Amino acid sequence: MLKLVGYIRSRAFRVLWALEEMGLDYEHDPAAPRSEEVRALNPSGKIPILIDGDAVLTESTAILTYLSDRYGGLAFPSGSVERARQDAATFTLLDELDAPLWALFKHRFLLPEELRTDAIKPAALWEIQRAETHFARRVGAGPFVMGDTFTIPDILAGHLGDWADRAGFGSDDPDWLAYLDRLRARPAFQKVNATAG
C-alpha cells in the first residue's frame, strides 16, 4: 500500500488530492516537517514523502508525476505533444505562482525573524496575482488547462490558488476565480479539504 507522510496543510495536499482522484488505496501519516520521523525518511526534513514499497520519494510534483506514470491517470502519455503542453503548464505554475507564493510565505512565517523582510511583499503579490490571471487565460473555456481532461497542473493550480486565497494573496480575476471554483468543486478536493480542518 502507498503511504504519504506530511500534514495536509502543506504540499502534501496536492498528493492526497491526486491519490483521491486516482482512486488509489493509501495510508496517510500527518507528520510535521522537520520532525524526527520525517528526517528519518528525508534528511532535509521536507514533506511530502511518498513510500511505495521500498521506494521513498520526495518533492510533490515529482510524486504526482510518478503516481501518474506508474498507476495511470492525471497525465497524457509520456512523449506526446499533449504531455509536453501539460508539462509546460506545470512548470509555468511552479515558476510563476508557486515560487513567489512560497517566498512571501517564508518571509511572513518561516524564516528566522532577523531574515524576514516586508519589502518583498508588493513584488510577490504582483507576481502571484499576475500569474493567476495569466494562467486563467491559458485555461480559457477549459474547463481545465488541458481542455476536458483534468491533469497534474490543475491539481497544482487548485492547491496554489486555494493557498493564496486563504493567505489573502489571491487575484480577483473573474476567470481565475471561476476556474478555481471548478477545481474546488471536485469531490476529491472536497474530501481532502474536509479532513484538513
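Residues numbered from 1 in each chain as written. Predicted model: local features only at pLDDT ≥ 70, side-chain atom pairs only at ≥ 80, totals over all residues. Heavy atoms only, no water.

Chemist: Can you help me understand the nonpolar core in this one?
Modeler: Soluble globular proteins tend to pack their nonpolar side chains together in the buried interior. Counting residues in each nonpolar core, the largest one holds 50 residues, and the members touching the most others are W17, L67, F135, W176 and Y179. Secondary-structure elements contributing two or more residues to this core are strand 1 (2-5), helix 1 (12-22), helix 3 (60-71), helix 4 (81-110), helix 5 (121-139), helix 6 (152-166), helix 7 (174-184) and helix 8 (187-196). The dominant element in this core, judged by the number of residues it contributes, is helix 1, at eight residues. Residues in contact with Y179, not counting those within four places in the same chain, are F135, V139, P143, F144, V145, P153, D154 and A157. Among the nonpolar cores identified, the runner-up in size contains six residues, and A31, V38, I47 and I49 belong to it. (Core = buried A, V, L, I, M, F, W, Y, C linked by side-chain atoms within 4.5 Å. Buried < 20%, exposed > 50% of the residue type's maximum accessible area, 1.4 Å probe, protein only. Helix = DSSP H or I, 4+ residues; strand = E, 2+ residues; numbered from the N terminus. Contact = heavy atoms within 4.5 Å.)

Chemist: Would you explain the packing of helix 4 against helix 6 in this entry?
Modeler: Orientation of helix 4 relative to helix 6, taken along the N-to-C sense of each, is 20°, at an axis distance of 9 Å. By the angle between their directions, the pair helix 4 and helix 6 is classed as roughly parallel. Of the two elements, helix 4 crosses helix 6, and the hand of that crossing is left-handed. Here Q86, A89, T90, L93, L94, L97, D98, L101, W102 and F105 of helix 4 lie close against helix 6, whose contacting residues are I152, P153, L156, A157, L160, W163 and A164. Taken together, the residues that form the contact of helix 4 with helix 6 break down as 14 nonpolar, two polar and one charged. (Axes fitted to C-alpha atoms, helices over the stretch in contact; angles between N-to-C directions. Parallel < 35°, antiparallel > 145°, perpendicular 65-115°, else oblique. Left-handed = near helix turned anticlockwise from the far one by under 90°. Nonpolar A, V, L, I, M, F, W, Y, C, P; charged D, E, K, R; others polar.)

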